[in-house]
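Coordinate analysis (summary)
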Amino acid sequence: MRVGIGYDIHRLIKGRKLILGGVEIPHTMGLDGHSDADVLVHAIMDALLGAAALGDIGQHFPNTDPKYKNISSMDLLKRVVSLLTDHNSLITNIDAMMIAEAPKLAPHIEKMRTNIAKVCGIKIDQISVKATTNEGVGFIGRGEGIAAQAVAMLS
């Protein structure tokens, strides 16, 4: 068994869609980034890559490469899963946490779990996605950004 951890954070800006776990969530702002800035999927990808000792998403999908501009993070996750397959690694489970003051994410979590499980080729009971707030503290607490953390286990 191998374990990896991932973390990502992006600022919220006007004029972008808010995408988390491959789900478009109604909100007045979206996450700023080179890709679709899906912090949940980015944290999961880093956890998976870390568990397999395959580097990080910045190495595989640099934000300086125009071919990744506005790309779906779910498409990038597919590529990470393919890398894992090439290295004979199977996903045992993923546990992820999103940190945001708004919008409320709980109504969208099951769809996120379904999307991620499908792309990863695992059962929905192998992926946990949770959401919490930052209790009004700091950058996230002021509603200026959203973060995510993930832990993945591979066999």
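You'll find the structure just up there.
This report concerns the structure included in the present document.

Rules used in this analysis
- Residues numbered from 1 in each chain as written.
- Predicted model: local features only at pLDDT ≥ 70, side-chain atom pairs only at ≥ 80, totals over all residues.
- Heavy atoms only, no water.
- Helix = DSSP H or I, 4+ residues; strand = E, 2+ residues; numbered from the N terminus.
- Contact = heavy atoms within 4.5 Å.
- Pairing = 2+ DSSP bridges.
- Axes fitted to C-alpha atoms, helices over the stretch in contact; angles between N-to-C directions.
- Salt bridge = Lys/Arg side-chain N within 4 Å of Asp/Glu carboxyl O.
- Buried < 20%, exposed > 50% of the residue type's maximum accessible area, 1.4 Å probe, protein only.

This part takes up the environment of I13. Topologically, I13 is positioned in strand β1 (residues 2-13). I13 sits 125 residues away from G138 along the chain, and the two C-alpha atoms are 17 Å apart. With near-sequence residues (within four places) excluded, I13 lies in contact with M29, G30 and D32.

The subject of this paragraph is the sheet that holds β1. Taken together, the 5 strands give an open sheet; going across it, the order is β4-β1-β7-β5-β6, and neighbouring strands pair in mixed fashion. The open sheet is flanked by β4 (30-31) and β6 (127-132), the only strands paired with a single partner. Strands β1, β4, β5 (91-99), β6 and β7 (145-154) of the sheet are contacted by helix α1 (residues 39-51), whose axis makes an angle of about 155 degrees with β1.

This brings us to the pattern of salt bridges. In the structure shown here, the tally under the stated rule is 5 salt bridges. Among the salt bridges present, the one from E24 reaches K17, with a minimum N-O distance of 3.8 Å. Linking D95 and K130 is a salt bridge whose minimum nitrogen-to-oxygen distance equals 2.3 Å. Of this pair, D95 sits in strand β5 while K130 sits in strand β6; the two residues are 35 residues apart in sequence, bridging distant segments of the chain. By relative accessible area, K130 is classed as partly exposed at 31%.

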